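Working through the structure, step by step
Here are the chains, one letter per residue:
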Amino acid sequence: MAIRPILIIPDARLRAVADPIVEVDEEIKTLAKDMLDTMYDAPGIGLAAPQIGVMKRIVVMDLAAEGETPTPLVMINPEITKFGDEIQVTEEGCLSIPELYYEVERPSTVTVKYTDLDGKEVTKDADGKLAVCIQHELDHLDGVLYIDYLSRLKRDRVIKKFDKQAKLAAR
Ligand code: NI
């Protein structure tokens, strides 16, 4: 079990685009396991590799409630192939923007295509919380954060708060 440190904004790696994974080898399997360990430890329901400073296109999720059997999901090179027409509003948070939660509008259904840990191609339809989580985590692979969907006023307030904290910590 290896828990890796989670990057916090304004770390520049959270704004970079991650690279596709060429082969699902032992290194990727270890990375996926570390990501799950890190996510469960946080605790969180989703984590993308850039959040631990690894610029690769892989995300992990688990939406099982506390006390339920864990249902870990690992998506390699994930891509949303279809967005539904309906919109849902959900309160989101992010391990890289700790202790804050804001409502975000997103399509309520998505179809996602990805490679699993066995190297197999999977296509999955998702709705509800899973659809939100998939969109949130996949955004991380392109350097997009959920606060980017907030009003400029709210987003700037969040960014300022963490810029200030980073400056204080660097002193
Ligand atoms: Ni996040």
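Residues numbered from 1 in each chain as written. Predicted model: local features only at pLDDT ≥ 70, side-chain atom pairs only at ≥ 80, totals over all residues. Heavy atoms only, no water.

A separate point is the sheet that holds strand E2 (residues 58–61). One open sheet holds the five strands; their spatial order is E1-E2-E3-E6-E7, and the pairing between them is antiparallel. Edge positions in the open sheet fall to strand E1 (46–48) and strand E7 (121–127), since each of these has one partner strand only. This sheet shows a mean twist of 40 degrees between the axes of neighbouring strands, independent of strand direction. Here E2 pairs with strand E3 (residues 73–83) via four bridges, running antiparallel. Paired with Ile 58 across the strands is Ile 76, a residue of E3. Lying over the sheet, helix H1 (residues 26–41) contacts E1, E2 and E3, oriented at roughly 40 degrees with respect to E2. (Pairing = 2+ DSSP bridges. Helix = DSSP H or I, 4+ residues; strand = E, 2+ residues; numbered from the N terminus. Axes fitted to C-alpha atoms, helices over the stretch in contact; angles between N-to-C directions. Contact = heavy atoms within 4.5 Å.)

With that settled, consider the pairing of E3. Here E3 runs beside strand E6 (residues 109–115); their pairing, made up of five bridges, is antiparallel. Looking at the pairing, Ile 76 lines up with Thr 115 of E6.

Between two cysteines, a covalent bond joining their sulfur atoms is known as a disulfide. In this structure the tally under the stated criterion is zero disulfides. The cysteine Cys 133 is free of any disulfide, with Cys 94 supplying the nearest cysteine sulfur at 10 Å. (Disulfide = S-S within 2.5 Å.)

Further remarks concern H1. Given a rise of 1.5 Å per residue, 16 residues ought to cover 22 Å, and the 22 Å separating the end C-alpha atoms of H1 matches this to within 8%. Where H1 is concerned, the buried positions are Ile 28, Leu 31, Ala 32, Asp 34, Met 35, Leu 36, Asp 37, Thr 38 and Met 39. Tucked inside the fold, the buried residues of H1 contact E1, E2 and E3. (Expected span 1.5 Å × (residues − 1). Buried < 20%, exposed > 50% of the residue type's maximum accessible area, 1.4 Å probe, protein only.)

The next point concerns the pattern of salt bridges. Going through the model one piece at a time under the given rule, you end up with eight salt bridges. In this structure, the salt-bridge partner of Arg 15 is Asp 148, at a minimum N-O distance of 2.7 Å. Here Asp 148 lies in the loop between helix H2 (128–140) and helix H3 (152–170) and Arg 15 lies in the segment before H1, a separation of 133 residues in the sequence. Its relative accessible area of 40% is what places Arg 15 among the partly exposed residues. The partner of Lys 33 in a salt bridge is Asp 37, and the shortest N-O contact between them spans 3.3 Å. With Lys 33 and Asp 37 both in helix H1 and four residues apart, this pair spans about one turn of that helix. (Salt bridge = Lys/Arg side-chain N within 4 Å of Asp/Glu carboxyl O.)

For the rest of this paragraph, the subject is the side chain of Gln 135. Looking at where Gln 135 falls in the secondary structure, it is placed in helix H2. Not counting residues within four places of it along the chain, the set of residues in contact with Gln 135 comprises Ile 80, Phe 83, Arg 106, Pro 107 and Val 110.

Cis peptide bonds are those with omega within 30 degrees of zero, and the linkage from Ile 9 to Pro 10 qualifies with 5 degrees. Of the consecutive residues Ala 42 and Pro 43, the connecting peptide bond is found in the cis state with omega at -10 degrees. On the secondary structure map, Pro 43 appears in the loop between H1 and E1. In the Ramachandran plot, Asn 77 falls in the positive-phi region, its phi being about 50 degrees despite a non-glycine side chain. For Asn 77, the position within the fold is in strand E3. With a relative accessible area of 23%, Asn 77 lands in the partly exposed category. Even without being a glycine, Glu 99 presents a positive backbone phi close to 70 degrees. In this structure, Glu 99 sits in strand E5 (residues 97–107).

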